Structure formats: structure tokens, C-alpha cells
Amino acid sequence: MYISVFCLTKRFVLQKVFFRTKKGTSEKILQSAFALCDVSYSQILRLSSPFFDKNENIFEAYDVIIGATDYSLVTTKAVKRARAEGKKFLSLPLSTNNGQSMLTYDFLQMDTKKSKMMANVIKKYVDEATYLQVKTKLGTDMRFRKKGRNAGFFNGDIRDGNGFSSASIELYVPIEEDQTNGVLYLDGSLGYIGAVKEPVRIEFQNGRIVDIEENEDGKRLKTYIESFDDDRMYVTAEFGIGL
């Protein structure tokens, strides 16, 4: 199989790159693509989501797009248009907080059939539910509502996603935007910010964040949210379970 890959250099030149995918690992595939484009990881131009909203036809010439970018392009207009036109898209955000290549992590070798099986088992229960409740020993007590909304899943295989998938390997469901209430004690990762040093207490009311604890990581989270200058950043929109 040959893939036409979207490649962008600092000179803002679009190039098509063709390479075989049958025997190569994910790391080797992208390294080969970058080599043919005469560009390394560090030289790839970092574009923000607005670029892919303003240039929604940028993937017009491509049949398959591997979104190997720092940040996910899933919700951009360019990807939505590509999907509507029947193009295949794999979301593969490469941002990590420890400097290690995301492509070297073991989860990329997960059995896609096994993750699909696990997702379908959980999906059955989630789809039948109206409310989702999450409680932890640390004190998290969250309640979500998703009436009339069904779950989907990503397992890294576009064949199971009708031409669309993500390396996030998760089950997800779009929750009702004004129905999330409770307290979250965040003791894992803050996404693009990184792992927390100590738990952060976050309170939700009617679907919105109303309070973030003023410890070190809480302040980092506040600063990150405020940097978008968008009030919608405080709204809860999705419930996800890693597979």
C-alpha cells in the first residue's frame, strides 16, 4: 500500500511523499516521510488549530492523512472536510512532556482487536445509561448526564472507525454540556501541561469549572485555560475511558 502524506517544511512548501507501509514500524514510517521531505522533527513548522480552520481545503490533494502534529487536529474544519470527502485520517499527536518520542511508547503496539472488544463491552453499558458517576478514594465525586448520546471508541485502526481513528485508544461519549456536577481530584496528567506534583481539586457546577485549587499545579492549569481567552474552555464536553 502507498500513502500520500501531508508534509510541511519551514519554507511552507507542500510535498507529497509516497512510501510503503507493509513492513515498517510507525517510527520508521514517519522518519522516512520526514527524510523524503528533507525535514526533521525539530524543523516541522508548528501551526495552531486556527490555521487548519482557515485553510479547510489544505488536505484536498491527499487520500490519507496522518496527523503527526504536536496537537490534535481532530476538531478542525480541515479534518472535518477531509472526512466528509471520504479521506482517511489517523490522529497521532506527538506532544510529550518528558522528551521521549511518542512513537516509542509500548501502547502503540496494542492489539487493536482486543481494544475493540473491550470498547464494545463498555459501550453497551454506557449507551444504556443516562447518568455516569465517577468516585475515587481520593475524594472525586462526579456526575455526568448523556441522555440520547452514544459512545464511540478509538483503537488506532481506521478500519474500525470508517476511515477515521486516533492513537488515543479510548472509549468516549459526548456528555450534555450543562449537566456535569461535582468535585474532581486530579491526580494524573493535565494533558499538554504534564503530570501533577500533587492532586488538584476542581469543582464543577452545571457543566462548568467554577473553582480550581490554588496550589502549584492548579495555578498552571488556570494559566493554561486563560491563555485561550475563550470562556468555552471551562465547559465539560466529553467523558473518556482509556483502553
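As a reminder, the structure under discussion sits directly above these lines.
Residues numbered from 1 in each chain as written. Predicted model: local features only at pLDDT ≥ 70, side-chain atom pairs only at ≥ 80, totals over all residues. Heavy atoms only, no water.

S.K.: Please clarify how helix α3 (residues 77-84) should be interpreted in this entry.
M.R.: Residues separated by three or four positions in an α-helix point in the same direction, a consequence of the helix having 3.6 residues per turn. Listing the buried residues of α3 in full gives Ala-78, Val-79 and Ala-82. Buried residues of α3 fall within an arc of 95° about the axis and therefore sit on the same side. Along α3, exposed side chains directed more than 90 degrees from the buried face belong to Lys-80 and Ala-84. Gly-86, located one to two residues past α3, shows a positive phi value of around 85°. (Buried < 20%, exposed > 50% of the residue type's maximum accessible area, 1.4 Å probe, protein only. Helix = DSSP H or I, 4+ residues; strand = E, 2+ residues; numbered from the N terminus. Arc of directions from axis to C-beta.)

S.K.: Even after reading the chapter, I still don't get the sheet that holds strand β4 (residues 88-91), so can you show me in this structure?
M.R.: A sheet is described by the order of its strands in space; here three strands give the open sequence β3-β4-β8, paired in parallel fashion. Bordering the open sheet on either side are β3 (64-67) and β8 (164-166), each of which pairs with just one other strand. The average undirected angle you get between the axes of adjacent strands in this sheet is 10°. Sheet analysis places β4 next to β8, joined by three bridges and oriented parallel. Its bridge partner lying in β8, Ser-91 is registered against Ser-166. (Pairing = 2+ DSSP bridges. Axes fitted to C-alpha atoms, helices over the stretch in contact; angles between N-to-C directions.)

S.K.: Sorry if this is basic, but what is going on with the pattern of salt bridges here?
M.R.: Opposite charge on two side chains permits them to pair, given that their charged atoms come into close proximity. Per the counting criterion, the structure on display carries 13 salt bridges. Its salt-bridge partner being Arg-81, residue Glu-85 comes within 3.1 Å of it at the nearest N-O pair. On the basis of relative accessible area, Arg-81 is assigned to the partly exposed category, the value being 30%. For Asp-127, the salt bridge identified is with Lys-123, shortest N-O distance 2.9 Å. Placement of both Asp-127 and Lys-123 in helix α4 (residues 112-128) is noted, with a separation of four residues, approximately one turn of the helix. The exposure class assigned to Asp-127 is partly exposed, which follows from its relative accessible area of 24%. Members of the salt-bridge network, linked through shared partners, are Glu-60, Arg-81 and Glu-85. (Salt bridge = Lys/Arg side-chain N within 4 Å of Asp/Glu carboxyl O.)

S.K.: Looking at this structure, how should I read the pairing of β4?
M.R.: Only one face of β4 is covered, namely the face carrying Phe-89 and Ser-91; the face carrying Lys-88 and Leu-90 is uncovered. Alignment of β3 against β4, held across four bridges, turns out to be parallel. Looking at β4, one finds that Ile-66 is bridged to Leu-90.

S.K.: Is there a simple way to think about the side chain of Ser-91 in this case?
M.R.: Structurally, the position occupied by Ser-91 is in strand β4. Judged by its relative accessible area of 2%, Ser-91 falls in the buried class. Not counting residues within four places of it along the chain, the set of residues in contact with Ser-91 comprises Gly-67, Ser-72, Val-74, Ser-165, Ser-166 and Ala-167. (Contact = heavy atoms within 4.5 Å.)

S.K.: Help me understand the packing of aromatic side chains in this model?
M.R.: Given two aromatic rings, one states the distance between the centres and the angle between the planes to describe the pair. Taken as a whole and judged by the stated rule, the model has seven aromatic pairs. Centre to centre, the rings of Phe-52 and Phe-59 are 6.0 Å apart; their planes meet at 20°, and the pair counts as stacked. There is no split in this pair, since Phe-52 and Phe-59 are both buried. Aromatic side chains Phe-154 and Phe-164 sit 5.4 Å apart centroid to centroid with 85° between the ring planes, which places their arrangement in the edge-to-face category. On the criterion of sequence distance, the pair formed by Phe-154 in strand β7 (residues 152-154) and Phe-164 in strand β8 is long-range, its members being ten residues apart. Like Phe-164, Phe-154 is buried. Three or more aromatic residues joined by ring pairs form one cluster here, namely Phe-89, Phe-154, Phe-164 and Tyr-172. Of note, Arg-83 hangs over the ring of Phe-164, and the distance from its end group to the ring centre comes to 3.8 Å. Here Arg-143 stacks its cationic end above the ring of Tyr-131, 3.9 Å away from the centre of that ring. (Phe/Tyr/Trp six-rings, centres within 6.5 Å; stacked < 30°, edge-to-face > 60°. Lys NZ or Arg CZ within 6 Å of the ring centre and 35° of its normal.)

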